[in-house]
Amino acid sequence: RIQNANKAEQRNRQSLFSNRPTNSKSSNSTTASEAQKIQKSLMKTQHLLKNELDRVSNISHAIEEDENVLQQTMDHHKSLNTKQAQKALTSLQRAQQHEQRVLYASISFFFAVVFYVMWSRVLVKFDFVSVLLDWML
């Protein structure tokens, strides 16, 4: 749309400047007609410049709004305290490692008790140890 208007303005300018009178004694009506054409051309140019100024103003306003949104987002992210989150995460990892060690100790203790019970109740009663030693030797 703007390009079409620019092309039309360019054609108007060319027609205005190409139709210069060769005779310095041109009539007042020709001069008045040319003056009206020039005035019309200037009005169109003024209108185009006003439209462009409005467009640039709107773009500038949109950029300012986007800048404000980005600034608010950045402030929000800065307000989040990442160091406290890191400390909490480290604390949870330590607690998990402690729980894992307690679990392994409990399993080891369970198997030790099972082995002791088996040793004292089953192997000693039936004297499997001496049978195994005799068989191995």
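Report follows, based on the coordinates. Residues take numbers from 1 onward in each chain, read along the sequence in its written order. With pLDDT at 70 or above as the cut-off, local features in this predicted model cover only qualifying residues; side-chain atom pairs require 80 or more to be listed or tallied, and sums for whole chains, interfaces and linings still use all residues. For side-chain calculations, the full set of non-hydrogen atoms in the structure is used, while hydrogens and water are omitted.

**A short note on the overall build of the protein**
Operational definition: Numbering of helices and strands runs from the N terminus, with a helix taken as a DSSP run of H or I at least four residues long and a strand as a DSSP run of E at least two residues long. For the exposure calls, accessible area comes from a 1.4 Å probe over protein chains only, and a residue counts as buried if that area is under 20% of its type's maximum, exposed if over 50%, partly exposed in between. Note that accessible areas follow from Shrake-Rupley with a 1.4 Å probe, and for residues the cover is restricted to the protein chains shown.
Per the secondary structure count, the protein includes 4 helices and 0 strands. Ordering the α and β elements of the protein from the N terminus gives α-α-α-α. In the protein, buried positions account for 4% of the 137 residues. Total accessible area computed for the protein in this model is approximately 12,800 Å², and 60% of it derives from carbon and sulfur atoms.

**Quick notes on the side chain of Thr45**
Spelled out, the test is: Definition of a polar contact: a pair of N or O atoms within 3.5 Å, with one able to donate and the other able to accept a hydrogen when the atoms are protein atoms, and with sequence-neighbouring residues admitted only if both atoms are side-chain atoms. Here, two residues are considered to be in contact whenever any of their heavy atoms come within 4.5 Å of each other.
Looking at the element boundaries, Thr45 is found in helix 2 (residues 28-79). Engagement of the side chain of Thr45 in a polar contact is seen with the backbone oxygen of Ser41, the distance being 2.9 Å. Excluding residues within four positions of it along the chain, Thr45 makes contact with Glu9 and Arg13.

**Some thoughts on the packing of aromatic side chains**
What counts, and what does not: The pairing test for Phe, Tyr and Trp rings, Trp by its six-membered ring, is centres within 6.5 Å, and the orientation test on the planes gives stacked under 30 degrees, edge-to-face over 60, and tilted for anything in between.
Tallied over the entire structure, the rule returns 1 aromatic pair. Seen in terms of ring centroids, Phe110 and Phe111 are 5.6 Å apart; in terms of plane orientation they differ by 65 degrees. Their pairing is edge-to-face. The residues Phe110 and Phe111 share a single accessibility class, namely exposed.

**Observations regarding a negative patch on the surface**
What counts is decided by this rule: By definition, no residue in a patch forms a salt bridge, and every one has over 30% relative accessible area; like charges are joined within 9 Å, nonpolar side chains (Val, Leu, Ile, Met, Phe, Trp, Tyr) within 5 Å. By definition here, a salt bridge exists when the distance from a side-chain nitrogen of Lys or Arg to a carboxyl oxygen of Asp or Glu is within 4 Å. We count Lys and Arg on the positive side and Asp and Glu on the negative side, and we leave His and both chain ends out. Taken as the charge location is NZ of Lys, CZ of Arg, CG of Asp or CD of Glu.
Together, Glu64, Glu65, Asp66 and Glu67 give the surface a local cluster of negative charge. Note that Glu67 resides in helix 2. Under the relative-accessibility criterion, Glu67 is labelled exposed at 52%.

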